[in-house]
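One letter stands for each residue in the lines below.
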Amino acid sequence: MLRIRLQRRGRKKRPIHHIVVADSRKPRDGRIIEDLGRFDNITPKNQLELNRDRALYWLKQGAQPSDTVRSIFKNQGIMYEMHLIRWGKSDEEIEAALTEWRENREEKEEKVPTRKERQKALLEAEEREFQKQLKKKAEEAAREKAKQEALAAAEEEEKAEKETEEAEAADEEEAEQEEPQQEAEASEEQEEAEAREEAESEEQEEAATDEAAEEEEAEVSSDEEAEEEAAEEQEQEDEEAGEEKEEATAETASEGQTSTDMLAKEAISHIENTPLDELEGFVTDEEDRVTVRRAWDDKHDEEE
């Protein structure tokens with residue numbers, strides 16, 4: 001059986017294939033019947049030299065092409081032309097069909113990218129995918145960073161609120177501790193103010209008494225004898241008045257009168273001139289005048 005196949009020629013690592021017609025029983029590089037052309041698949045464009053008429057002739061004679069040669073013939077339209085011949089088409093019909101086939105083939109070849117173009121497109125697609133992954137990673141990192149910053153801000157805010165609450169609690173506790181102290185200080189200041197007021201009142205009373213005495217002395221200064229007599233009479237009257245006053249005070253105290261019912265000076269005089277056993281209940285818890293309290297304490301100290 002006749003075969004149309006490729007026969008290797010050329011040198012090492014640079015082969016050139018011959019398209020030959022040979023007996024299928026012969027070895028690949030053995031004796032051939034006819035050489036139909038050359039096929040160089042090393043160059044980028046796969047250069048081809050082929051005797052088209054002789055290839056059709058041997059196909060008509062029943063020669064069977066190998067798979068590689070069949071693919072070459074198919075790309076050159078030889079197999080399509082042989083098919084039309086077997087259908088009994090005329091030469092004009094075959095030529096018209098081949099012309100249409102070549103136009104379609106050229107259009108497809110224009111649309112089909114070359115290996116270099118395919119490699120470039122692949123690299124561009126890989127670069128776009130790489131940039132897309134980088135962008136995605138950057139966005140994820142930015143979201144994670146924003147999340148961490150939000151958590152840190154929340155922790156700082158919570159810490160600040162806790163510190164504020166602790167400071168407010170400390171201020172409240174300090175204020176609670178200061179209130180009794182302030183109240184005690186205010187009470188002491190009030191007592192001191194009352195003592196000052198009482199002392200000033202006593203000084204005013206003493207000054208008024210001194211002025212009255214001076215006026216009385218001035219009235220009797222014209223006559224020494226009259227003055228002496230008046231003084232003696234005044235002293236007697238004062239003594240009697242004092243005794244009466246003391247008696248009245250004692251009677252009043254004996255009747256249940258307390259220090260709060262008297263002036264501070266009268267209460268002090270009564271305390272000083274009355275025995276301690278007769279003063280029971282005279283100074284009550286309601287007495288808040290410092291001078292009276294002091295006279296009362298001094299009276300107890302003397303008796304003890």
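Residues numbered from 1 in each chain as written. Predicted model: local features only at pLDDT ≥ 70, side-chain atom pairs only at ≥ 80, totals over all residues. Heavy atoms only, no water.

To keep things clear, this is the line we draw: UniProt positions are given in the numbering used here, feature names are shortened, and annotations may be inferred rather than shown by experiment.
Taking an unreviewed UniProt entry as the reference, the protein is identified by name as Small ribosomal subunit protein bS16 belonging to Fodinibius sediminis. Quoted straight from UniProt, the Sequence similarities (unreviewed entry) entry for the protein says "Belongs to the bacterial ribosomal protein bS16 family."

## Describing the overall build of the protein
Put simply, the rule is: Under the DSSP-based scheme used, a helix requires at least four consecutive residues in state H or I and a strand at least two consecutive residues in state E, with every element numbered from the N terminus. Here's how the labels work: a residue is buried when its accessible area is under 20% of the maximum for its type, exposed when over 50%, partly exposed in between, all with a 1.4 Å probe on protein chains only. Contact criterion: two residues are considered in contact whenever any of their non-hydrogen atoms come within 4.5 Å of each other.
A tally of helices and strands in the protein yields 8 helices and 5 strands. The helix and strand sequence of the protein, counted from the amino end, reads β-β-β-β-α-β-α-α-α-α-α-α-α. Considering the protein as a whole, with its 304 residues, one finds that 19% of them fall into the buried category. Look at the contacts in the protein between residues 6 or more apart in sequence, and 41% of them connect residues 24 or more apart.

## Side note on the pairing of strand 2 (residues 14-23)
Heads up, the rule is: Strands are labelled as partners when DSSP assigns at least two bridges between them.
Here strand 2 lies mainly inside the structure; 8 of its 10 residues are buried. Note that strand 1 (residues 2-11) and strand 2 share 10 bridges and pair antiparallel. Note that in strand 2 the partner of Arg-3 across the bridge is Ala-22. Where strand 1 folds back onto strand 2 in an antiparallel hairpin, the turn is made up of 2 residues, including Lys-13, whose phi is positive at roughly 65°. Summarising the sheet, strand 2 and strand 3 (residues 34-40) pair through 5 bridges and their orientation is antiparallel. Looking at the pairing, Val-21 lines up with Glu-34 of strand 3.

## Notes on the confidence of the model for the protein
The condition is simple: Known as pLDDT, the predictor's confidence for each residue is given on a scale from 0 to 100.
Summarising the model, the protein shows a mean pLDDT of 79, and 83% of its residues fall at 70 or more. Within the protein, the element-level pLDDT minimum falls on helix 6 (residues 224-254), averaging 58, and the maximum on strand 5 (residues 64-65), averaging 90.

## Things to note about helix 3 (residues 78-86)
Which entries qualify depends on this criterion: Of all possible arcs, the one meant is that of the directions from the helix axis to the C-beta atoms.
Along helix 3, the residues classified as buried are Ile-78, Glu-81, Met-82 and Leu-84. What you see down the axis of helix 3 is that its buried residues fit within an arc of 160°, all on one side. After helix 3 finishes, the residue Gly-88 shows a positive phi value of roughly 85°.

## Focus: the sheet that holds strand 1
The following threshold applies: Here an angle of 0 to 180 degrees is reported between the N-to-C directions of two axes, which are lines fitted to C-alpha atoms, with helices fitted over the stretch in contact.
With mixed pairing, 5 strands are arranged side by side in an open sheet as 4-3-2-1-5. The open sheet has two edge strands with one neighbour each: strand 4 (47-50) and strand 5. Across the face of the sheet, helix 1 (residues 52-60) comes into contact with strand 1, strand 2, strand 3, strand 4 and strand 5 while running at roughly 120° to strand 3. Against the sheet, helix 2 (residues 67-76) makes contact with strand 1, strand 3, strand 4 and strand 5, and its axis sits at roughly 95° relative to strand 1, the strand it touches most.

## Overview of helix 2
Along helix 2, the residues classified as buried are Val-69, Ile-72 and Phe-73. Looking down the long axis of helix 2, one finds its buried residues gathered within 95° of arc, a one-sided arrangement. Turned more than 90 degrees away from the buried face of helix 2 sit Asp-67 and Lys-74, all of them exposed. Buried residues along helix 2 sit in contact with strand 1, strand 3, strand 4, helix 1, strand 5 and helix 3. Where helix 2 ends, the next residue or the one after it, Gly-77, has phi of about 85°, a positive value.

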